[in-house]
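Chain by chain, the residues run as shown.
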Amino acid sequence: MTSFNRSTSRRLKKLTQIPSVWEGDRRPLSSPSQHSDSEAKGECILWVDYSQGIVRGMDVVASDIGPEAIVRTLMRAMEHPHSPAKPARPQRIVVKDREIQFYLRGVLQDLDIAIDYAPELPLIDELFRGFADILDSQTPDLPPQYAQILREKAFAIWQAAPWEFLEEQQILSIEINKWDVGTLYASIMGMLGMEYGILFYRSEESLKRFRAAVLRDEESKERLEEAFLKQDCLFLTFESADETDEDEDDMDDLADLPLSDIDPTFGNIHPLEGLRSVLYDEEALVIYVAIESLSRFLRDHRRQLHSEPFPTLSRRYRISPPQSEESTKSVSVTVSTMPELAAELEEMAGFGVEDDEIDNLGGTFRSLQDDLIPEDSFLSLGVVSWEMLEYLRKGVNYHKAGEIKQVGDGLPVILIQTSRPKAKTVIERIEAAGSLKAICFNPGADPFDGDRYDLGLLQTENGELFLFGEFLDEDPIHVEARKKWNQRCKNTKGYCGLIIAKGLTGASRGNPQLRDMMALFEARSLSPKDLGIGTLQLMPQLKFE
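Remember, predicted model here, so these are calculated numbers, not experimental data.

Caption draft 1: The arrangement of the overall build of the protein in detail. For the protein, the helix and strand inventory stands at 15 helices and 23 strands. Per-residue burial for the protein yields a buried fraction of 48% across its 545 residues. Looking at the protein alone, contacts between residues at least 24 apart form 69% of all its contacts between residues at least 6 apart. Counting only carbon and sulfur atoms, one obtains 48% of the accessible surface of the protein, whose full area is about 28,400 Å².

Caption draft 2: Examining a nonpolar patch on the surface more closely. A cluster of nonpolar side chains, contributed by Phe 228, Leu 229 and Leu 275, occupies part of the molecular surface with about 240 Å² of accessible area. With respect to the helices, strands and loops of the structure, Leu 229 is situated in helix α8 (residues 221-229).

Caption draft 3: Structural context of the environment of Glu 164. Here Glu 164 is to be found in the loop between α6 (144-160) and β6 (172-178). We classify Glu 164 as exposed; its relative accessible area is 57%. On a C-alpha basis, the gap between Glu 164 and Met 191 in space is 5.8 Å, while along the polypeptide they are 27 residues apart. Dropping the residues within four chain positions of it, Glu 164 is found in contact with Met 191 and Arg 302.

Caption draft 4: Molecular detail of the sheet that holds strand β10 (residues 262-270). Pairing within the open sheet is antiparallel, and its eight strands lie in the order β11-β10-β9-β8-β7-β6-β13-β12. One side of each edge strand has no neighbouring strand; the edge strands of this open sheet are β11 (274-276) and β12 (314-319). Across the sheet, the axes of successive neighbouring strands diverge by a mean angle of 25°, strand direction being ignored. Where β6 meets strand β13 (residues 331-337), four bridges bridge the pair, whose relative direction is antiparallel. What sits directly across from Ser 173, in β13, is Ser 336. Its contacts with the sheet put α6 on β8 (196-201), β9 (233-240) and β10, and the angle it makes with β10 is roughly 105°. Its contacts with the sheet put helix α9 (residues 281-305) on β6, β7 (181-189), β8, β9, β10, β11, β12 and β13, and the angle it makes with β12 is roughly 140°.

Caption draft 5: Focus on the sheet that holds strand β2 (residues 43-49). Taken in spatial order, the five strands line up as β3-β2-β1-β4-β5 in an open sheet, and their pairing is mixed. If you trace the sheet from one side to the other, it starts and ends with β3 (54-61) and β5 (114-117), each paired once. Across the sheet, the axes of successive neighbouring strands diverge by a mean angle of 20°, strand direction being ignored. Alignment of β2 against β3, held across seven bridges, turns out to be antiparallel. For Trp 47, the partnering residue across the bridge sits in β3 and is Gly 57. Strands β1 (17-28), β2, β3 and β4 (89-95) of the sheet are contacted by helix α3 (residues 68-79), whose axis makes an angle of about 145° with β3.

Caption draft 6: Examining the packing of α6 against α9 more closely. Two elements in contact, α6 and α9, have axes whose closest approach is 10 Å; the angle formed by their N-to-C orientations is 30°. What the angle tells us is that α6 and α9 run roughly parallel. Remark: the crossing between α6 and α9 carries left-handed chirality. Contacts between α6 and α9 involve Gln 145, Tyr 146, Ile 149, Leu 150, Lys 153, Ile 157 and Ala 160 on the former and, on the latter, Asp 281, Ala 284, Leu 285, Ile 287, Tyr 288, Ile 291, Glu 292, Leu 294, Ser 295, Leu 298 and Arg 302. Broken down by class, the residue content of the contact of α6 with α9 amounts to twelve nonpolar, two polar and four charged.

Caption draft 7: Quick peek at the pairing of β1. Note that β1 and β4 share five bridges and pair parallel. Bridge pairing in β4 links Val 21 to Arg 92. As paired strands, β1 and β2 are joined by seven bridges and run antiparallel to one another. Pairing of Asp 25 across the sheet is with Leu 46, part of β2.

Caption draft 8: Structural context of the pairing of β13. Burial analysis of β13 places six of its seven residues in the buried class, which makes it a mostly covered element. Bridging between β12 and β13 involves six bridges; their strand directions are antiparallel. Of the residues in β13, the one forming a bridge with Arg 318 is Ser 332.

Caption draft 9: Broad picture of the environment of Val 48. One can find Val 48 in strand β2. Classification of Val 48 as buried rests on a relative accessible area of 0%. Residues Val 48 and Ala 77 lie 29 residues apart in sequence; the distance between their C-alpha atoms is 8.4 Å. Residues contacting Val 48, with those up to four places away along its chain left out, are Val 21, Trp 22, Glu 23, Ile 54, Val 55, Arg 56, Leu 123, Ile 124 and Leu 127.

Caption draft 10: Local environment of unusual backbone geometry. Here the residue pair Ser 83 and Pro 84 is connected by a cis peptide bond, since its omega of 10° sits within 30 degrees of zero. Mapping Pro 84 onto the fold places it in the loop between α3 and β4. Even without being glycine, Asn 177 reaches a positive phi, approximately 55°. In this structure, Asn 177 sits in strand β6. Judged by its relative accessible area of 51%, Asn 177 falls in the exposed class.

Caption draft 11: How the structure looks around the side chain of Ser 206. By the secondary structure assignment, Ser 206 is in helix α7 (residues 204-216). Engagement of the side chain of Ser 206 in a polar contact is seen with the backbone nitrogen of Asp 232, the distance being 3.0 Å. Excluding residues within four positions of it along the chain, Ser 206 makes contact with Tyr 201, Gln 231 and Asp 232.

Caption draft 12: Quick peek at the packing of helix α1 (residues 6-13) against α3. In the contact formed by α1 and α3, the axes pass within 11 Å of each other and the chain directions differ by 40°. In terms of axis orientation, α1 runs oblique to α3. Here α1 runs over α3; the crossing is left-handed. Across from Thr 8, Arg 11 and Leu 12 in α1, the residues of α3 making contact are Met 75, Met 78 and Glu 79.

Caption draft 13: Fine view of α7. Its 13 residues place the ends of α7 18 Å apart at the C-alpha level, agreeing with the 18 Å of an ideal helix rising 1.5 Å per residue. Buried within α7 are the following residues: Ser 206, Leu 207, Phe 210, Arg 211 and Ala 213. Buried residues in α7, looked at end-on, bunch into an arc of 165°, giving them a common side. Facing away from the buried side of α7 by more than 90 degrees, the exposed set consists of Arg 209 and Arg 216.

Thresholds, definitions, all that
- Residues numbered from 1 in each chain as written.
- Predicted model: local features only at pLDDT ≥ 70, side-chain atom pairs only at ≥ 80, totals over all residues.
- Heavy atoms only, no water.
- Helix = DSSP H or I, 4+ residues; strand = E, 2+ residues; numbered from the N terminus.
- Buried < 20%, exposed > 50% of the residue type's maximum accessible area, 1.4 Å probe, protein only.
- Contact = heavy atoms within 4.5 Å.
- Areas by Shrake-Rupley, 256 points an atom, 1.4 Å probe, with all protein chains shown as cover.
- Patch = residues over 30% accessible without salt bridge, like charges linked within 9 Å, V, L, I, M, F, W, Y side chains within 5 Å.
- Salt bridge = Lys/Arg side-chain N within 4 Å of Asp/Glu carboxyl O.
- Pairing = 2+ DSSP bridges.
- Axes fitted to C-alpha atoms, helices over the stretch in contact; angles between N-to-C directions.
- Parallel < 35°, antiparallel > 145°, perpendicular 65-115°, else oblique.
- Left-handed = near helix turned anticlockwise from the far one by under 90°.
- Nonpolar A, V, L, I, M, F, W, Y, C, P; charged D, E, K, R; others polar.
- Polar contact = N/O pair within 3.5 Å; in protein donor to acceptor, adjacent residues only side chain to side chain.
- Expected span 1.5 Å × (residues − 1).
- Arc of directions from axis to C-beta.

Spelled out as structure tokens, the structure:
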């Protein structure tokens, strides 16, 4: 049995011993009426001075923590008690657990404290009854009668993964006309692999106001928070069930986690209420009907929703709400796509290429060449900080593309490192073609083995396309790099860059320094839709054409 070292015992014995009886116990935090898992909630350790009727020490610990925890709380109750108690040592301690009694007798044997057992602890029993009353009076996150069915519907949405084919601006209207709700406007979050969920706006105006505020105040954290709280919507979001704090950049993509590690959260945002992760009865019914009708719509139109442009679709469903006090047997719900609103939001955000540049960037597709980038080159997708970008612009062969607004952590770049002679050749060929116009990732497929690729393409000013990389669609490293690339290009309104560096065979191989960088070509980021060449097929000559 672990015991105090001698110096600790001497220190505790120096405390004034008062003629008091202290009660101590350790109990689950949950209320019996909640039927919750006490292991998930933890346990509360209490030490109270029964003679004075005050709490001297309290801790909340995990259920699997050993008996040492009750001693640690007791030490604080003696040396650093809660106000108004003063540091002291009791004459007698009473507990209602025989194991705790025997354990404390062994640990405290040098402190001249009597350790007794009693079947009841009046003051602690009263305190825990008060805790239970507080727990019982708390509003649950979801109405108990709807909690299980809502979680099931949330997991159905997770498995349908609408963010794989719907972007945030591709809004779906859900006309309910029940419970004082007319039409909800669903915005799907998750295509960028950052936040997953659905926002159900109560009005089209609220949705537009929020988008406009984000675009206007994207550099001000305070204003973004204010805009966030001024939304008027219900929401369903997904988080990791593991609540440990991690650096955001090191966290796994939720989409890579098993279903058991996913935790759905429901809630409401309103300008006058702010954010609350609690749904009341009518809100629970509304969001149930919205999720169920949306799930059916995604099931019925999944293939069409993959297509470009955003199609015009509409479907009516009859949804039977879960049992409630109301006599409502079913609700007629109409789910529709909103292509015009999607186009308006895209124009508002400046997605893809701005103004009339889109007509000039795509150009005529001549042929795809794969001889620009040397085969043994080191290639990476990354970002150059805004500070480093200024050094690059002054110190290397620099080709400007336009005025780039410094938003986010830096300029997204493709880095190609090769030998000095080969780097000079690459730079000269790009310059001879009129410089770099655009960088694009376009789908590719191998009809022989069924593999699908993400092809990295460079487009020069004279309309030529050059292959710089072939990445398997299922490569998790590339998938994560692409998500970050997409988000960064969105921040910069489509601007990106290509860095050509030397030093492939030197000490800086794979990690070129500023002195190794020979050229920076700024360009625009094109989507496959902007490029307009479709999926490239690997032909028998083993070249993408």
